[in-house]
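The primary structure of each chain is shown beneath.
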Amino acid sequence: MKIVKSCIFLLFSFLLFYATARTQQKEEVLLAFNHPAIGYVYVNSYYDYNTNQVFLPLIELFSLLEINFTPDTKNFTLKGNFITPNNPYLINLQSGQINVGNQINIISPDEFRIGETDFYLTPSIFEKIFGLNFTVNILRFTLQLDTKLELPVQERKARERARKRMEQLPGQTDDFPLGYGRNRKILGGAMIDYSLNAVINNQTQNLGYSFTGGAELLGGDLQGNFNGFTDSNGNSVMRTSGLRWRYAVRDNNYFSGLSIGQISTTGLLPFRIKGVAVTNDPIEPRRMYEKYVVDGNTETESEVEIYINERLTGYQRANELGYYRFDVPVTYGTTRTSLRIYTPAGQIKTIDRQMQVPFTFLPGGVVSYNIQAGRTEYAWTDSLRDQYVEHGNIAYGLNRWLTVLAGAQHIGNDFDADNIFFYSTLSARIAKQYLLSIDAAPDAFYRAAGSVMYPTNLSLNGIYTRFDGEGIFNPRRAKEEISANIYIPLTISETSFGLRLNGEHTRLQSGSNTRFQTDLNARIGKANLRLNYRDNIFSSNQTSYSGNGMLTSALTYTISRSPGIPVYVRGMFFRMHARYNIHQNLLQNTELQLSRTIMKTGRLNFDASYEIQTKILYTQIGLTFDLKKVRSTTTINSTNDNVSLQQSLSGNIGIDAPNSHLVLNNRQQVGQAAVAIILFADNNNSGKYDEGDELLPYRGINIDRTATIIVGKDSILRLTQLQSYYKYNLRVNRNAIPDPTLVPLKDQFSFIADPNQYKQIEIPFYRGGIIEGSVLLERSGKQYGQGGLRIIIKGKNSAFEQTVRSFNDGGFYVMYLPQGSYTLEIDKAQLGFLNVKQNEPVEFEIKALADGDYIEGLKIILSGEE
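Below: a short report on this structure. Every value quoted in this text rests on a predicted model; they were computed, and no experiment measured them. (Residues numbered from 1 in each chain as written. Predicted model: local features only at pLDDT ≥ 70, side-chain atom pairs only at ≥ 80, totals over all residues. Heavy atoms only, no water.)

Here we take up the overall build of the protein chain. Scanning the protein chain for helices and strands turns up five helices and 63 strands. The C-alpha radius of gyration of the protein chain comes to 36 Å, more than 25% above the 29 Å expected for a compact globule of 866 residues. Across its three principal axes, the protein chain shows a C-alpha extent of roughly 115 × 65 × 65 Å. In the protein chain, the share of contacts with a sequence separation of at least 24, taken over all contacts with a separation of at least 6, comes to 51%. Summed over all atoms, the accessible surface of the protein chain reaches about 46,000 Å², with 54% contributed by carbon and sulfur. (Helix = DSSP H or I, 4+ residues; strand = E, 2+ residues; numbered from the N terminus. Rg over C-alpha atoms; globule rule 2.2 N^0.38 Å. Contact = heavy atoms within 4.5 Å. Areas by Shrake-Rupley, 256 points an atom, 1.4 Å probe, with all protein chains shown as cover.)

With that settled, consider the sheet that holds strand β48 (residues 701-703). What the four strands build is an open sheet, ordered β13-β53-β51-β48; its pairing is mixed. Both edges of this open sheet fall to β13 (178-180) and β48, since each of them pairs with a single strand only. Sheet twist, expressed as the average angle between the axes of neighbouring strands with direction ignored, equals 40°. In terms of strand pairing, β13 meets strand β53 (residues 748-752) through two bridges, oriented parallel. Among the inter-strand pairings, Leu 178 is bridged to a residue of β53, identified as Ser 750. (Pairing = 2+ DSSP bridges. Axes fitted to C-alpha atoms, helices over the stretch in contact; angles between N-to-C directions.)

With that settled, consider the pattern of salt bridges. With the rule as written, the count across this model stands at 25 salt bridges. Measuring nitrogen to oxygen at the nearest pair gives 2.1 Å for the salt bridge that ties Arg 805 to Glu 60. In this pair, Arg 805 is assigned in strand β58 (residues 801-805) and Glu 60 in helix α2 (residues 58-65), connecting sequence segments 745 residues apart. Take Glu 60: its relative accessible area is 3%, and that puts it in the buried class. Residue Arg 250 pairs with Asp 251 through a salt bridge whose shortest N-O separation is 3.7 Å. According to the relative accessible area criterion, Arg 250 is buried, its value standing at 19%. One salt-bridge network, held together by shared partners, links Glu 60, Arg 790, Arg 805 and Asp 827. (Salt bridge = Lys/Arg side-chain N within 4 Å of Asp/Glu carboxyl O. Buried < 20%, exposed > 50% of the residue type's maximum accessible area, 1.4 Å probe, protein only.)

Turning to the environment of Gly 392, a few remarks are in order. When you line up the elements, Gly 392 lands in strand β27 (residues 388-399). Sequence separation of Gly 392 and Tyr 369 is 23 residues, and the distance between their C-alpha atoms is 7.3 Å. Ignoring anything within four residues of it in the chain, the contact list for Gly 392 reads Asn 370, Ile 371, Ala 406, Gly 407 and Ala 408.

With a phi close to 55°, Lys 615 is a non-glycine residue in the positive phi region. Mapped onto the fold, Lys 615 is located in the loop between β41 (602-611) and β42 (616-626). Judged by relative accessible area, which is 60%, Lys 615 ranks as exposed. Although it is not a glycine, Asn 685 sits at a positive phi angle of roughly 55°.

What follows covers the pairing of strand β29 (residues 420-430). Judged from the nine bridges that link them, strand β28 (residues 402-411) and β29 form a sheet pairing that is antiparallel. In the strand pairing of β29, Gly 407 is matched with Tyr 423. Of the pairings in the sheet, the one linking β29 to strand β30 (residues 434-441) comprises seven bridges and is antiparallel in character. When the bridges of β30 are listed, Ser 424 appears paired with Ala 440. What sits between β29 and β30 in their antiparallel hairpin is a turn of three residues, with Ala 431 showing a positive phi close to 55°.

The next point concerns the nonpolar core. Residues Phe 33, Phe 62, Tyr 89, Phe 126, Phe 130, Leu 132 and Phe 134 are the most contacted members of the largest nonpolar core, which totals 41 residues. No other element matches α2, which puts six residues into this core. Phe 33 has contacts with Ile 38, Gly 39, Tyr 40, Val 41, Val 43, Leu 61, Leu 64, Phe 134, Leu 143, Gln 144 and Leu 145, leaving out every residue within four places of it along the chain. Counting 24 residues, the second-largest nonpolar core is a separate cluster that includes Ile 677, Leu 696, Ile 701 and Leu 719. (Core = buried A, V, L, I, M, F, W, Y, C linked by side-chain atoms within 4.5 Å.)

Turning our attention to the sheet that holds β58. Taken in spatial order, the four strands line up as β58-β57-β60-β62 in an open sheet, and their pairing is antiparallel. What marks the edges here is a single partner per strand, and that holds for β58 and β62 (842-846). Recorded for the sheet is a direction-independent mean angle of 25° between the axes of neighbouring strands. Sheet analysis places strand β57 (residues 790-795) next to strand β60 (residues 820-826), joined by five bridges and oriented antiparallel. Across the sheet, residue Gly 795 finds its bridge partner in β60, namely Tyr 822.

Another point: the environment of Gly 769. Among the structural elements, Gly 769 can be located in strand β55 (residues 769-779). Spatially, the C-alpha atoms of Gly 769 and Asp 327 are 41 Å apart, while their sequence positions differ by 442 residues. Apart from the residues lying within four places of it in its own chain, the contact partners of Gly 769 are Val 814, Met 815, Tyr 816, Leu 817, Ile 846 and Asp 853.

Okay, the pairing of strand β35 (residues 512-524) next. In the sheet, strand β34 (residues 495-508) pairs with β35 via 12 bridges, with the strands oriented antiparallel. Bridge assignment links Asn 502 to a residue of β35, and that residue is Gln 517. Note that β35 and strand β36 (residues 527-540) share 13 bridges and pair antiparallel. Each bridged residue has a counterpart across the sheet, and for Asp 519 the counterpart in β36 is Asn 532. Between β35 and β36, which follow one another and run antiparallel, lie two residues, and Gly 525 among them has a positive phi close to 65°.

Shape descriptors only; they carry no functional weight alone.
Following this line, the structure appears as structure tokens:
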């Protein structure tokens, strides 16, 4: 046995000697390796001038591709699992053998090299044995990879993207540290929405106008509307509406808002009043209702993906027992989940589920209240005008599937018991997708409603109402009413159909009335077809009367933008519509609509309608332009010989007070919020924008919600269409800044949008820091530089991570580091290969300085035995 070992040792020594002799004419070459899942990195290789052969680093590439491995430098072996746990491999350079699964491969000394920090194989070995087709361009120093394998690094990136998308789901985003909170002012902000509308026809000329103003007053938001019109005959009308002041508070469970002015009551029957309202409903509506667990068992090592509302949000492998588990967020509205299970045998299993949470539901233990009092302004009957109204309700979430509510409302100038109306509501969610609600309003009505929507989009809804007396809730003096709605999705020969059936039956004191309609929708290619039939039947004293029996059809189609289609109709949308009376056997109306985009910001519309019975032809030509500062709409209407011209202009005027700038916008903004963001290079290290600092006119930020972002001529970035009092997460996008040496003081933070104004946010940039140092290997009391090592730089208080390589003499440097605290560590795989250890992580701090911080003399000490 000793003889055999001695022979093996002599043979291996010869192979090492041979390999060493061959590498005397070799050179280390850095290759630029660009892979979608890895990014742009440099890989160290050996180039043999004698054979014109390139050798690629085994451990380094497996580490980058995240292929499982365990090195044994003493025995010149590498082992692990290739791609999947059931595919083990062993690379033994001592015996010149590579085993993958049950396959055994023999390699010659010409096909590998042994370096100081890695094992090296030829590209042909990577391709033949592992299916990794590496291509080297030695003239351009580039390395490419082509493989059909799903690499572990790609799977990890897919999971990271899934997690990132899951963070973007409503209610799942963690708030960044608050950088700019609510800034209350006694008087501040100013925004005006305007709309001017002129109409010219054969008889008169009219000018209509509407102005809605908004500002901040006494720490709250004030807004109101003034509108009217005047004509060429001297007639003029003016009035105000919607004037109210609101004081809003975030993140308070007991009080969130006080409103005074022209408001509306809540409850079963809202009223418009002049009065006051108090509530604790959150200013920023609740988005997430709860989390629930989706788990199960499948085949071992199956890949399980979970989709929420058709978006991939999670990925994992089933464990050795075939178990998988996901924590799924349930948001208000409809949440659809779909599990896709990919078994090792290649089968695909799909499990669909669906849950509904109405916005009236409260999480368990949460209390909500609303109180309003005032005098009615407008009502549908004269008897309800100018009456006092007091209303209040309180709701409580008993648990995650049951919410109860009780309320009372008084209407009238006399405060007696007959004018007080009580009601209560119970809302339940059964088996996660069946919704049930019961309303009880004594002396008015009792109502039960239920609904369900299945993952196939099949939905059922039903409501039953029993009226208890006459009054404002029962103007028709009905006894009871039942309504139902069903939607049935269908697929025939790859064509999708949708059939909706609606019906309502009302039992009156002297008869009954039944109304029903059907809708059939179909999508055939790019065409959408809709057929609708509606009718009603009224019964009284054993006599029945039928309605008109109206059949309506509509066909819409959008012409492709393909180059072969004439440019004048490319991208055009058209709609044909017809209405037919079945009982009279009469075609009543036909209509044609055409629409297409012109000049990128405009849209041309044409509409022609013909009433067959009256022989009246209606035509309309409209031209709309959505310019940056104003929206313009021009319309020409014709009814037989009568022609009228209408021109309207609408938009918003906002004052960016901190920057003394007037902002014109084509969309309404009153009641909303805006932000003016100043990106600048802080040349004097003051931390704020001063004269002499360099403005950065780039769209260098991202936020977590929808907004309109424009860079102004004054180089200030302005965000509009924000929701007042909402909290937004902001992240700096360094890729949008052309100068790579500039780094922001803070790269992510949150802010609260102030109402009816431009909130100023300043983001200073500084030159990135530079570090310089060396990696020293200490053996037998001596130190010398060690090249070819991967140095991992990690932020101590951030997610920053970057990998650089030490030069041949052990030196290294890194440029453009953001401010913060960092650690330096050597890749553990290389430490194991060298049989050394790092004494301790090297720590350093980069300060935010205008000219950039510079740190030198960093030393990474590695120690080990000879």
